[in-house]
Amino acid sequence: MPPTAAREVRRWDRHGREHVVRLLKPGVRRLLICGTCGWRRRAPFLVWLTAADHLERVHQATVDPAASTRP
């Protein structure tokens, strides 16, 4: 996985819109920021689960592009 992909969670909603949550300040004081709504949250643990949960609950974005490209 490229370094940039490791720092973000991408999902698509049922209308085909892309939503991205990016990880800023990797390390102990991790900060998640949603590119769609501006949501921000510190997440010391389970960063990717926290980001995926936000995308699912708030934006109904559940389609994972990484899962659909695997053979």
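These numbers come from a predicted model, not from an experiment.

Participant: Would you explain the sheet that holds strand S4 (residues 40–42) in this entry?
Facilitator: Sheet strands associate in pairs through backbone hydrogen bonding, adopting either a parallel or an antiparallel arrangement. Spatially, S1-S2-S3-S4 is the arrangement adopted by the 4 strands of the open sheet, whose pairing is antiparallel. The two strands at the open ends of the sheet, each matched to only one other strand, are strand S1 (8–12) and S4. Across the sheet, the mean angle separating the axes of adjacent strands is 15 degrees when strand polarity is ignored. Note that strand S2 (residues 18–24) and strand S3 (residues 31–34) share 4 bridges and pair antiparallel.

Participant: What should I look at first to understand the confidence of the model for the chain in this one?
Facilitator: Detailed reading of the predicted coordinates is not advisable wherever pLDDT falls low. Taken as a whole, the chain shows an average pLDDT of 84; of its residues, 83% reach a score of 70 or greater. In the predicted structure, residues 1–5 sits below a pLDDT of 50 and forms 1 contact with residues beyond four places in sequence or in another chain.

Participant: Just to check I follow, could you spell out a nonpolar patch on the surface for this structure?
Facilitator: Judged by side-chain polarity, Phe-45, Leu-46 and Leu-49 come together as a nonpolar surface patch covering roughly 400 Å² of accessible area. Considering the arrangement of structural elements, one finds Leu-46 in the loop between S4 and helix H1 (47–59).

Participant: Where do I start with H1 in this structure?
Facilitator: The end-to-end C-alpha distance of H1 is 18 Å, a good match for the 18 Å that 13 residues give at a rise of 1.5 Å each. Along H1, the positions that sit buried rather than exposed are Val-47, Thr-50, Ala-51, Ala-52, His-54, Leu-55 and His-59. Elements that come into contact with the buried residues of H1 comprise S1, S2, S3 and S4. Just downstream of H1, Gln-60 is the residue with a positive phi angle, here 50 degrees.

Cut-off values and rules
- Within any chain, residue numbers begin from 1 and follow the written order of that chain's sequence.
- Reporting in this predicted model follows two pLDDT cut-offs: at least 70 for local features of residues, and 80 or more for side-chain atom pairs to be given and counted; totals over whole chains, interfaces and linings ignore these cut-offs and use all residues.
- Here the side-chain values reflect all heavy atoms present in the structure, with hydrogen atoms and water set aside.
- A strand pair is defined by DSSP finding two or more bridges across the two strands.
- To qualify as a helix, a DSSP run of H or I must reach at least 4 residues; to qualify as a strand, a run of E must reach at least 2; elements of each kind are numbered from the N terminus.
- To define axes, lines are fitted to C-alpha atoms, for helices over the stretch in contact only, and angles between the resulting N-to-C directions are given on a 0 to 180 degree scale.
- The pLDDT value expresses, per residue, how confident the predictor is, ranging between 0 and 100.
- Residue contacts are counted whenever heavy atoms from the two residues lie within 4.5 Å of one another.
- Exposure above 30% relative accessible area and the absence of a salt bridge qualify a residue for a patch, where like charges join within 9 Å and nonpolar side chains (Val, Leu, Ile, Met, Phe, Trp, Tyr) within 5 Å.
- For every accessible area listed, the method is Shrake-Rupley and the probe measures 1.4 Å; residues are considered covered only by the protein chains on display.
- The rule for a salt bridge is simple: a side-chain nitrogen of Lys or Arg has to be within 4 Å of a carboxyl oxygen of Asp or Glu.
- Multiply 1.5 Å by the residue count of a helix minus one, and that product is the helix's expected span.
- Note on exposure labels: buried denotes an accessible area under 20% of the residue type's maximum, exposed denotes more than 50%, and partly exposed covers the range between, all computed with a 1.4 Å probe on protein chains only.

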